[in-house]
Amino acid sequence: MATTTHPVHPPLGPARAAWLLVTRSYTVYRQQWKLFLTGFLEPVFFLFSIGIGVGQLVADFEVGGQSIPYAEFVAPGMLAVSAFNGALMDSTYNVFFKLKYDKLYDQMLATPLTTSDIARGEILWGQLRGSSYSVAFLLLMWALGMLHSWTAILALPAALLIGFAFSAVCMAATTWMTSWQDFDKITLLQLPLFLFSATFFPITAYDGWLRWVVEVTPLYRGVVLCRELTLGQVGWESAVSVVYLVVMGLIGLAVVRRRLDTLLLT
Amino acid sequence: MPLYRVGAVTESMILARGLRKSFGDFEAVKGIDVDVRRGEAFGFLGPNGAGKSSTMRMIASVSPISGGSLQILGMDPATDGPAIRGRLGVCPQEDTLDNELNVRDNLYIYGRYFGIPKGEVNSRVDELLEFVSLTEKAKAKVEDLSGGMKRRLTIARSLVNRPDLLLLDEPTTGLDPQARHVLWDQLFRLKQAGVTLVITTHYMDEAEQLCDRLVVMDKGLIAAEGSPRQLIEEHSTREVTELRFGITDETNPHELIAEKVEDLGRLEVLPDRILVYSPDGEEVIAKVHERGLDPIGVLVRRSTLEDVFLKLTGRTLVD
């Protein structure tokens, strides 16, 4: 137990620190992989029930001059939703629990880790959790022959981006929550985003200002981005979506860091 | 290993001057000077709300100071937080264990936060589990541990980086006597190994057992400073005589009896007994009997730190 002279380890760089937090979460979930199964299955059920089931009542229709079955319209939407749901679940409920009840971040701050490390690491984990559902979903789409272009491979980084944007913003929102009741507000936002982000019907269903509103919501940007990539219809609008999601994630990250400072370094 | 190493005696581990901490209008710490040297076991004593925990959080470099100056291991916590924390061990008042990880992973992952390589953490973890007698519980969930085991795990965790300075915020609060003694034994062994300890406590026996030097804090200020023996000498007498007079009533209150013995030393009149602080307890008893008083019980004991503490911080409840 000699404790006096020893080499002091150099502090972790930002990337290694973030990865270490991911390792921690991975260690926690290694034994609870079934939780991942439910997160993956939800959009799959929607694809089969609405996309393929209801799709039999719907004629093929045109997206960007391309005629596709309804199921193939819904599938990329569900791909984006996978990343959205996964990231949201982790960075709201789990983060709230760690912050308020488990005092996990207080524990981490007794080590060389900083609030920036915690923000980056936890957002990265939420992002990876969300995107892991998307990866599985993309494989399913591939198996069902729903991918129409090599650009579909870019749906992977797109899913990572969607995971990042929502993980960061949801974690930021969570830092203001005081009780479990506050999560009703999250559900209140989650459901309309899921239903109305051009997931089940095209944006052309909306007119005027309503259409404009939908077009600036984040999940819509994710859904159309995934659709453009799996159908091979990449254009300027795709770039807009990418920039939108990047900026959204970065703002979320900055807010999380500042909020953790306010809450934990008192 | 010697407690103090030659040449290291004067090295300041913690150096605070006029240190302040306020939360809005409330001033928790109102300007304190602290100097903790390498190898020392230093105690912060004080009632609840005295400012001990606020001071500890500033030292742990997770709470920005509101005024004065503070240096930890020669560094400024405002700018070198991570570097300081890399050399600290922190055992917080409430266990902040990672409830989602098992006992072993709690130590392993925590060690990795310090940037310690995997192999080194692994052997360190085995060593620590042994040290706190939790080797058999390595795979157990944290929530299945008893309060004492959790505390020991927290202590083990705080040692994973071989800290130069170990901060213990009320380490034995809530533990049963057996667990307290086991913990004291472990802390004593760490002290022997040359680790500088900083302990907050409101258990006087704990402070007397563990601390070379301590400060008594009250209402955000330092009320007294010294070794346990110095403090007793300065603020109390060698002996205390406790006189019990059975049930007293309005016609014969303690105050009336107290008037008859007030020249024998400093008095403290409590509902059930009168304490007389004087160097020689036997002499006090003899004089009490000479004056025709007939206590139903007498006890002569050595002054303790508790007497000093109560004298300095009062007997009133603080919430």
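What you see is a predicted model; the values in this text were computed from it and never measured. (Residues numbered from 1 in each chain as written. Chains lettered and ligands numbered in written order. Predicted model: local features only at pLDDT ≥ 70, side-chain atom pairs only at ≥ 80, totals over all residues. Heavy atoms only, no water.)

Participant: Before we move on, could you go through the packing of aromatic side chains and cite the residues and values that matter?
Facilitator: Under the counting rule described, the total for this entry stands at 21 aromatic pairs over all chains. Ring geometry for Phe36 of chain A versus Trp125 of chain A: centroids 6.4 Å apart, planes at 70°, classification edge-to-face. Of the two residues, Phe36 of chain A sits in helix 2 (residues 33-53) while Trp125 of chain A sits in helix 5 (residues 115-143), which places them 89 residues apart along the sequence. Of the residues examined, Trp125 of chain A reaches a relative accessible area of 7% and is grouped as buried. Both rings, one in Phe42 of chain B and one in Phe44 of chain B, keep their centres 5.3 Å apart while their planes meet at 75°; by these two values the pair is edge-to-face. Residue Phe42 of chain B is classed as buried on the basis of its relative accessible area, which comes to 0%. A cation sits over an aromatic face here: Arg227 of chain A above Phe73 of chain A, 3.5 Å from the ring centre. (Phe/Tyr/Trp six-rings, centres within 6.5 Å; stacked < 30°, edge-to-face > 60°. Helix = DSSP H or I, 4+ residues; strand = E, 2+ residues; numbered from the N terminus. Buried < 20%, exposed > 50% of the residue type's maximum accessible area, 1.4 Å probe, protein only. Lys NZ or Arg CZ within 6 Å of the ring centre and 35° of its normal.)

Participant: I'd like to hear about the interface of chain B and chain A, residue by residue, with values.
Facilitator: When the parts of a complex come together, some accessible area is lost, and that lost area is often used as the size of the interface. At the junction of the two partners, chain B supplies 42 residues and chain A supplies 32 residues. Between chain B and chain A the total buried area reaches about 3,300 Å² when both faces are included, carbon and sulfur atoms providing 58% of it. On the chain B side of the interface with chain A, the three residues burying the most area are Arg85, Glu100 and Tyr113 of chain B, jointly 22% of the side's total. Counting across the interface, chain B meets chain A through two salt bridges. Note that Arg24 of chain A is salt-bridged to Asp98 of chain B, the shortest N-O span being 2.5 Å. When residues of the side of chain B that touches chain A are traced back to their parent elements, those giving at least two are strand 1 (12-23), helix 2 (77-85), helix 3 (103-113) and helix 4 (118-131) of chain B. Here the side of chain B that touches chain A is built from residues that sort into 20 nonpolar, seven polar and 15 charged. (Contact = heavy atoms within 4.5 Å. Buried area = accessible area lost by both parts, 1.4 Å probe. Salt bridge = Lys/Arg side-chain N within 4 Å of Asp/Glu carboxyl O. Nonpolar A, V, L, I, M, F, W, Y, C, P; charged D, E, K, R; others polar.)

Participant: Now, about the pattern of salt bridges: what can you tell me, with residues and values included?
Facilitator: When the charged atoms of two side chains lie near each other, side chains of opposite charge can form a pair. Under the definition given, this model contains 32 salt bridges over all chains. Each member of the salt-bridge network shares a partner with another, and the members are Glu242, Arg244, Asp272, Arg273, Arg301 and Asp307 of chain B.

Participant: Residues and numbers for the packing of helix 3 of chain B against helix 5 (residues 147-158) of chain B, please.
Facilitator: Residue and element names in this part refer to chain B. Across the interface, helix 3 lies against helix 5 with an axial gap of 9 Å and an inter-helix angle of 25°. By the criterion of interaxial angle, the relationship of helix 3 to helix 5 is roughly parallel. In this structure, the crossing between helix 3 and helix 5 has a hand that is right-handed. Contacts from Val103, Asn106, Leu107 and Tyr110 of helix 3 reach helix 5 at Leu153, Ala156 and Arg157. Taken together, the residues of the contact of helix 3 with helix 5 break down into five nonpolar, one polar and one charged. (Axes fitted to C-alpha atoms, helices over the stretch in contact; angles between N-to-C directions. Parallel < 35°, antiparallel > 145°, perpendicular 65-115°, else oblique. Left-handed = near helix turned anticlockwise from the far one by under 90°.)

Participant: Could you give me a rundown of unusual backbone geometry, with the residues and numbers involved?
Facilitator: Residues and elements named next belong to chain A. One non-glycine residue, Lys103, adopts positive backbone phi at about 55°. With respect to the element layout, Lys103 can be found in the loop between helix 3 (70-101) and helix 4 (104-108). Take Lys103: its relative accessible area is 33%, and that puts it in the partly exposed class.

Participant: An account of the sheet that holds strand 7 (residues 196-201) of chain B is requested, with residue identities and associated values reported.
Facilitator: All names here are of chain B. One open sheet accounts for six strands, arranged 5-6-7-3-8-9; its pairing is mixed. Strands with a single pairing partner mark the edges of an open sheet, and in this sheet they are strand 5 (88-91) and strand 9 (221-226). Neighbouring strand axes in the sheet, compared pairwise and without regard to direction, differ in orientation by 15° on average. As paired elements, strand 6 (residues 165-169) and strand 7 share five bridges and run parallel to each other. Note that in strand 7 the partner of Asp169 across the bridge is Thr200. Contacts from helix 11 (residues 305-313) reach strand 3 (41-45), strand 8 (213-218) and strand 9, with the element oriented near 30° to strand 8. (Pairing = 2+ DSSP bridges.)

Participant: Describe a nonpolar patch on the surface, and please don't skip the residues or the numbers.
Facilitator: Where nonpolar side chains cluster on the molecular surface, the patch consists of Met89, Tyr93, Phe97, Tyr101 and Trp180 of chain A and spans about 480 Å² of accessible area. Within the secondary structure layout, Tyr93 of chain A lies in helix 3. (Patch = residues over 30% accessible without salt bridge, like charges linked within 9 Å, V, L, I, M, F, W, Y side chains within 5 Å. Areas by Shrake-Rupley, 256 points an atom, 1.4 Å probe, with all protein chains shown as cover.)

Participant: Can you tell me about the pairing of strand 6 of chain B, naming the residues and giving the values?
Facilitator: All names here are of chain B. Here strand 6 lies mainly inside the structure; five of its five residues are buried. Neither face of strand 6 is open: one carries Leu165, Leu167 and Asp169, the other Leu166 and Leu168, and all of them are buried. As judged from the four bridges shared by strand 5 and strand 6, these two strands associate in the parallel manner. Each residue of the ladder has a partner; that of Cys91, found in strand 6, is Leu168. The parallel pair strand 6 and strand 7, bridged by helix 6 (residues 177-192), forms a crossover whose chirality is right-handed. (Right-handed = clockwise from strand over helix to strand, strands pointing away.)

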